Amino acid sequence: MNTYHTSKLPGRTVTTTDGRDFLWFSGTDYLGMGHNEDLRRHLQLATETFGNHYGSSRNNSLRLDIYEEAEAQLADFLQTPATAIVSSGMWAGQLVMKVIEHIADGHSNSNRFTYHYAPSVHPALWGNTFQRTKLHWQEWAEQTVKKINGTPSGTIHVICSDAVGSPLVSAFDFSIFNALTTPSEVWLVVDESHSLGVLGSGGKGISAQLSEAILRQTIFVSSLNKALGIPAGAIWGAKGAIDTLRKSPWYAGASPPAPAYAYALKALLRDHIYEQQLAQLLNNISWFGQQIGNTLLFESIAGYPVFCSSNAALFDHLLANSIMASCFPYPSPADAPVTRIAISSLHQKEDLDRLAEVCMQFIS
């Protein structure tokens, strides 16, 4: 696959270093926060107060209040008991995988753990026992529930899954886990990186699909550097689980994200900026959907900003018509490339009309 370079951050458009202009329909900046003036203003103000970075452990004897304030604001937005902000989404997932057995030990006397990894689960949730499965998600989930329900009591089961399929987008029905008969012996770990800010009521993700019993033992992780535009990661769930995580050397030994971004996150959540951006995004998704109708070209989810195709030729067709999507093997070089089109809050109707026109030309 060819690669292209640019010296400026893409928005609605991108100009490559060789001077060519394209409409930009790629990346994960779904809410357009890379060019958001509110985010930029808060960052400039916060940098004057907090400096450029904070070189310290979150568990140091001197602590910056802004981190806990941002975590409280995020917990309020997510309607969850507790949150922790860390340096990245990848580290959020790996941190949970390193401490999940310590978290579970606080709820059980068992020292036997079995891990169940969903198809295409992000590497952030890969543990030492990770193995790929070729099953489709629904089939895997049904078999996992059946297997757990048929296992004698005394084993702790850890289920790891993304909230939404990526790079080939697909919706997952997490309500299937409500059929688990021993939820106290199950921990569900969900990566919301591609759903936080864009799926669920107000962008709160998939938690509404889960029963209270399952939700009590669910830990969510996410990159904040996608829809929310904050270069950091987050972990949320039961207060006891988050408290245990904070006592871990894996948490104490990691540097936090820049405090200016924690301040910006708090301010954007407080002022409901993300909800405003989401409303614009949903309008854009609806408009594009109306233009392409019921074409079978894409794999997509209702109300979700990503449209995928396993046909790599679509990427070249778009490129020839001055539209840049993405198409590359993921997560490893051995995986098949996927043509991925991402709509953002920044796009205008004429951008979406042109995208739809070129896609329909590809079909005809």
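Model, not experiment: these values are computed from the prediction.

Caption draft 1: How the structure looks around the sheet that holds strand β5 (residues 156-162). The strand order β3-β8-β7-β6-β5-β4 describes an open sheet built from six strands, whose pairing is mixed. A strand with exactly one partner marks an edge of an open sheet, and here the two such strands are β3 (82-86) and β4 (113-117). The average angle at which neighbouring strand axes cross in this sheet is 15°, direction not considered. Its contacts with the sheet place helix α2 (residues 65-78) against β3 and β8 (233-237), and it is angled at close to 130° to β3.

Caption draft 2: Region of the structure containing the pattern of salt bridges. Applying the stated criterion across every chain, the model contains 11 salt bridges. The partner of Asp351 in a salt bridge is Arg12, with the nearest N and O atoms 2.7 Å apart. Here Asp351, found in helix α11 (residues 349-363), pairs with Arg12, found in the segment before β1 (13-15); they are 339 residues apart in sequence, far enough to count as distant. Residue Asp351 is classed as buried on the basis of its relative accessible area of 2%. Put simply, Glu212 and Arg216 hold a salt bridge, and the shortest N to O gap is 3.5 Å. Because the salt bridges share partners, they merge into one network encompassing Arg58, Glu71 and Arg246.

Caption draft 3: Layout of the packing of aromatic side chains. Applying the stated rule across the entire model yields 16 aromatic pairs. Between Tyr54 and Tyr67, the ring centres sit 6.2 Å apart and the planes meet at 40°, which makes this aromatic pair tilted. Highlighted residues: Tyr54 in the loop between α1 (37-50) and α2 and Tyr67 in helix α2, separated in sequence by 13 residues. Note on accessibility: Tyr54 and Tyr67 belong to one class, buried. Seen from their ring centres, Trp137 and Phe172 are 4.6 Å apart, and the 5° between their planes marks the pair as stacked.

Caption draft 4: Spatial organisation of the sheet that holds strand β10 (residues 323-324). Strand order in the open sheet formed by three strands is β1-β2-β10, with mixed pairing between adjacent strands. Each end of this open sheet is capped by a strand with a single partner; those strands are β1 and β10.

Caption draft 5: Inspection of the pairing of β5 at higher detail. In terms of residue burial, β5 counts as a mostly covered element, since seven of its seven residues are buried. Because side chains alternate across β5, one face comprises the buried residues Ile156, Val158, Cys160 and Asp162, and the other comprises His157, Ile159 and Ser161, equally buried. Of the pairings in the sheet, the one linking β4 to β5 comprises five bridges and is parallel in character. Bridge pairing in β5 places Thr114 opposite His157. Each parallel crossover has a hand, and the one from β4 via helix α4 (residues 137-149) to β5 is right-handed.

Caption draft 6: Broad picture of the environment of Ser7. The topology assignment puts Ser7 in the segment before β1. Among the residues examined, Ser7 registers a relative accessible area of 68% and is labelled exposed. With 34 residues separating them in the primary sequence, Ser7 and Arg41 have C-alpha atoms 22 Å apart.

Caption draft 7: A look at the packing of helix α3 (residues 89-105) against helix α6 (residues 239-246). One way to put it is that α3 packs onto α6 with a least axis distance of 10 Å and a crossing angle of 115°. As summarised for this structure, α3 and α6 are arranged roughly perpendicular, according to the angle between their axes. For α3 against α6, the interelement crossing comes out right-handed. Of α6, the residues touching α3 (which contributes Leu95, Val96, Val99, His102 and Ile103) are Ala241, Thr244 and Leu245. Residue composition of the contact of α3 with α6, grouped by class: six nonpolar, two polar and no charged.

Caption draft 8: Inspection of the state of the cysteines at higher detail. If you walk through the whole model with that rule in mind, you get zero disulfides. Of all cysteine sulfurs in the structure, the one in Cys308 sits closest to Cys327, which takes part in no disulfide; the separation is 10 Å.

Caption draft 9: Structural detail: the side chain of Arg340. By the element assignment, Arg340 lies in strand β12 (residues 337-342). Of the side chains with opposite charge, Asp162 lies nearest to the buried Arg340, which makes no salt bridge, at 11 Å. Those residues within four positions of Arg340 in sequence are excluded, and the remaining contacts are Phe25, Gly27, Thr28, Tyr30, Pro167, His194, Val306, Phe307, Cys308, Ala325 and Ser326.

Caption draft 10: The side chain of Asn36, seen in detail. With respect to the helices and strands, the residue Asn36 is situated in the loop between β2 (21-24) and α1. In this structure the side chain of Asn36 is engaged in a polar contact, spanning 3.0 Å, whose partner is the backbone nitrogen of Asp38. With near-sequence residues (within four places) excluded, Asn36 lies in contact with Leu268, Ile273 and Gln277.

Caption draft 11: α3, seen in detail. For α3, built from 17 residues, the straight-helix expectation of 24 Å at 1.5 Å per residue is met to within 8% by its first-to-last C-alpha distance of 24 Å. Along its length, α3 shows its largest kink, about 50°, at Val99. For α3, every residue scored as buried is listed here: Gly89, Trp91, Ala92, Gly93, Leu95, Val96, Met97, Val99, Ile100, Ile103 and Ala104.

Conventions used here
Residues numbered from 1 in each chain as written. Predicted model: local features only at pLDDT ≥ 70, side-chain atom pairs only at ≥ 80, totals over all residues. Heavy atoms only, no water. Pairing = 2+ DSSP bridges. Helix = DSSP H or I, 4+ residues; strand = E, 2+ residues; numbered from the N terminus. Axes fitted to C-alpha atoms, helices over the stretch in contact; angles between N-to-C directions. Contact = heavy atoms within 4.5 Å. Salt bridge = Lys/Arg side-chain N within 4 Å of Asp/Glu carboxyl O. Buried < 20%, exposed > 50% of the residue type's maximum accessible area, 1.4 Å probe, protein only. Phe/Tyr/Trp six-rings, centres within 6.5 Å; stacked < 30°, edge-to-face > 60°. Right-handed = clockwise from strand over helix to strand, strands pointing away. Parallel < 35°, antiparallel > 145°, perpendicular 65-115°, else oblique. Left-handed = near helix turned anticlockwise from the far one by under 90°. Nonpolar A, V, L, I, M, F, W, Y, C, P; charged D, E, K, R; others polar. Disulfide = S-S within 2.5 Å. Lys, Arg positive; Asp, Glu negative; His and termini not counted. Polar contact = N/O pair within 3.5 Å; in protein donor to acceptor, adjacent residues only side chain to side chain. Expected span 1.5 Å × (residues − 1). Bend = angle between axes of the 7 residues up to and from the residue.

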